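Summary of the model geometry
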Amino acid sequence: MILRFLGLLFQKVFGGLFGRRTSDDSSLRGAAASALVDMEDGMRAQAAAVHHDLVRMRRTLPPLALVRVPATDVAWLQEPEATRRLNALREAGFAEGEACQYQGLPKVAGFDLLDPTHTLRATLAKSGPKLVLELDAHLEDGSVVAGCDAEMPRGITAPPWIRRDHRPGIEPADLIRTFTETIRGLPVRQGDLALFRALSAESFHRLQEWRAERGGWTMDEVRAQKGVAADAPVTDELETAYQQNVERWITCWLRLQPQLPFDLDARLESLLYVHDAMDRAALQLQWVVLTEDTGVRGTEFGEGSPREALARVNESRGCPLALAFQKTTEPRVDFYLPQVHPRIIALQGPLGDALEKGLRRNDLRKSLFALGKYRISTREEAEALGAAVAYLESSTRPVSQGDLKALVRIVTQVQEGSGAVEPLREQVLDPLERLVRRVTGASGAREES
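Residues numbered from 1 in each chain as written. Predicted model: local features only at pLDDT ≥ 70, side-chain atom pairs only at ≥ 80, totals over all residues. Heavy atoms only, no water.

**What about the pairing of strand β6 (residues 144–148)?**
In summary, the side chains of a regular strand alternate between the two faces of the sheet. Note the threshold: Per-residue accessibility, obtained with a 1.4 Å probe over protein chains only, is compared with the maximum for each type, and a residue is labelled buried under 20%, exposed over 50%, and partly exposed between these values. A helix here means a DSSP run of H or I that spans at least four residues, while a strand means a run of E at least two residues long, and both kinds are numbered starting from the N terminus. Strands qualify as paired when DSSP identifies two bridges or more between them.
Counting buried positions over the five residues of β6 gives five, a clear majority of the element. The sheet contact formed by strand β5 (residues 130–138) and β6 spans five bridges and is antiparallel. In the strand pairing of β6, E134 is matched with C148. Hairpin connection of β5 to β6: five residues between the antiparallel strands, including G142 at a positive phi of 95°. Here β6 runs beside strand β7 (residues 162–166); their pairing, made up of five bridges, is parallel. Residue pairing in the sheet places G147 in a bridge with D165 of β7.

What follows is the structure, given as structure tokens:
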């Protein structure tokens, strides 16, 4: 009688939407459900790979502090190019300091010297196979003037308080002479080598803060670093390099914040960074990872800025993510974390989980479709359907006809004579009929079955 009533009711209310069933309907639905699962598994795998790469960027950060440690290897100071520079410095009256290495920069070593006036520091630095001589002076206003015998690195923009003159190939004596002339008359600071090392460490930290604040490198800077022309199109390789750069430097920015409302190390893998230069396909894939919601379409992230799109999608899908923190200066970034909601449907298992997922994401059609040939047979399952219908009746969000059709279809798959029949009759039919009539605008009461 339940099946007869439902068939008559929904034939009248929905007209031909359900259509005439053939003997192959159930097998076709089963095959389609299986294909849907395969497609979702593929999307999850792709999303997990993208998110894994981004999280790896978050864990491989540049150092934010310049920490010197005693050098364990000073043999490089005997190399001809090092000796040539050191001899020129000694002839100009520079006194030797100590060789050092730097925490977080295992391939970099340095050797500092101070000029006779105690205003100019020289650093002979080795980075991999390269040797560079750099001279620097710190001014009273906090700015830094520097000169070196290396080429200007491509795509590495200096902050406004650092002025560095790059003269590749210049002789060490000429570099010392020209730089001394450059700073003559400037309000330079005086001190011992310990002071200049402290000032250098302070300047380095300030530089890294500046880079983190601006979100690392711009796309034009990434182009330059990769040796790509400024007007070249953005390839997948460039886009990936840019997005990974943002992940690293925005993570640096987070580490510099004194009062984060969450433990960054504990939540690093579950954080979603959303900024307005974000790749929308990557945004969708990260959504899939953090919410396990494979039903959202890429077009849903297409309207407005990425930050606006994420906020809108999150709201429409039942807010599985919570806005945990924001960077309110450019580039603006919203940080989201998954949040745990109390379950709407208490029943655990295939039907209960499908109803829970569908109600949370406002997409019952897809979640119930994935059940395929599932047949309701227990009182607990019937009560779960009753809870779902009651939730939809009380919700202020619109219920789509697709969702309602899916709910009706699962109700009609009750196993006759099972323990689900009576609770369906008592708890589901009347509220389900009301919901159908509300959604379709139909009127009238059902006949007694």
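Next comes the rest of the account.
**Looking at the packing of helix α11 (residues 350–360) against helix α13 (residues 379–394)**
This is how it is decided: To obtain each axis, a line is fitted to C-alpha atoms, and for helices this fit is confined to the stretch in contact; angles are then taken between N-to-C directions over 0 to 180 degrees. Roughly parallel covers angles under 35 degrees, roughly antiparallel covers those over 145, roughly perpendicular covers 65 to 115, and oblique covers all other angles. Here, two residues are considered to be in contact whenever any of their heavy atoms come within 4.5 Å of each other. Nonpolar residues are Ala, Val, Leu, Ile, Met, Phe, Trp, Tyr, Cys and Pro. Charged residues are Asp, Glu, Lys and Arg, and all others, Gly as well, are polar.
Between α11 and α13, the shortest axis-to-axis distance is 10 Å and the interhelical angle comes to 10°. On the basis of their axis angle, the class for α11 and α13 is roughly parallel. Of the residues in α13, those in contact with L351, L355 and L359 of α11 are E381, A384, L385, A388, Y391 and L392. Across the contact of α11 with α13, the residue classes tally to eight nonpolar, no polar and one charged.

**Side note on the side chain of S200**
Mapped onto the elements, S200 comes out in helix α5 (residues 193–213). On the accessibility criterion, S200 (11% relative accessible area) is buried. With residues up to four places along the chain from it excluded, the contact list for S200 reads L66, R68, R121 and H138.

**Brief notes about the packing of helix α3 (residues 80–91) against helix α4 (residues 172–183)**
Using the following cut-off: By definition, any crossing whose near helix is turned counterclockwise from its far helix by less than a right angle is left-handed, and any crossing with a clockwise turn is right-handed.
Contact geometry for α3 and α4: axes closest at 8 Å, N-to-C directions at 45°. The pairing of α3 with α4 is recorded here as oblique in orientation. In this structure, α3 crosses over α4, and the sense of that crossing is right-handed. In this structure, α3 contributes R84, R85, A88 and L89 to the contact, and α4 contributes P172, A173 and I176. In the contact of α3 with α4, the residues fall into five nonpolar, no polar and two charged.

**Details of the side chain of H138**
Assignment of secondary structure puts H138 in strand β5. Judged by relative accessible area, which is 6%, H138 ranks as buried.

**With respect to the environment of R438**
We count it as follows: Polar contacts here mean pairs of N or O atoms no more than 3.5 Å apart (in protein, one a potential hydrogen donor and the other a potential acceptor; neighbouring residues in sequence count only if both atoms are side-chain atoms).
Its location among the elements puts R438 in helix α16 (residues 429–440). For R438, a relative accessible area of 43% gives the class partly exposed. Note: C-alpha distance between R438 and E393 (45 residues apart in sequence) is 9.1 Å. In this structure, R438 is in contact with L392, E393, S395 and V399, ignoring residues within four places of it in sequence. A polar contact is formed between the side chain of R438 and the backbone oxygen of L392, at a distance of 3.4 Å.

**Concerning helix α9 (residues 280–291)**
We count it as follows: To estimate how far a helix should extend, the number of its residues minus one is multiplied by 1.5 Å.
Its twelve residues place the ends of α9 16 Å apart at the C-alpha level, agreeing with the 16 Å of an ideal helix rising 1.5 Å per residue. Among the twelve residues in α9, nine count as buried, and that is most of the element. Three or more residues of α9 are buried, namely A282, L283, Q284, L285, Q286, W287, V288, L290 and T291. A distance of 3.3 Å separates the backbone nitrogen of A281 from a side-chain oxygen at the start of α9, and that oxygen is part of D279. Phi turns positive, to about 60°, at E292, one or two residues after α9.

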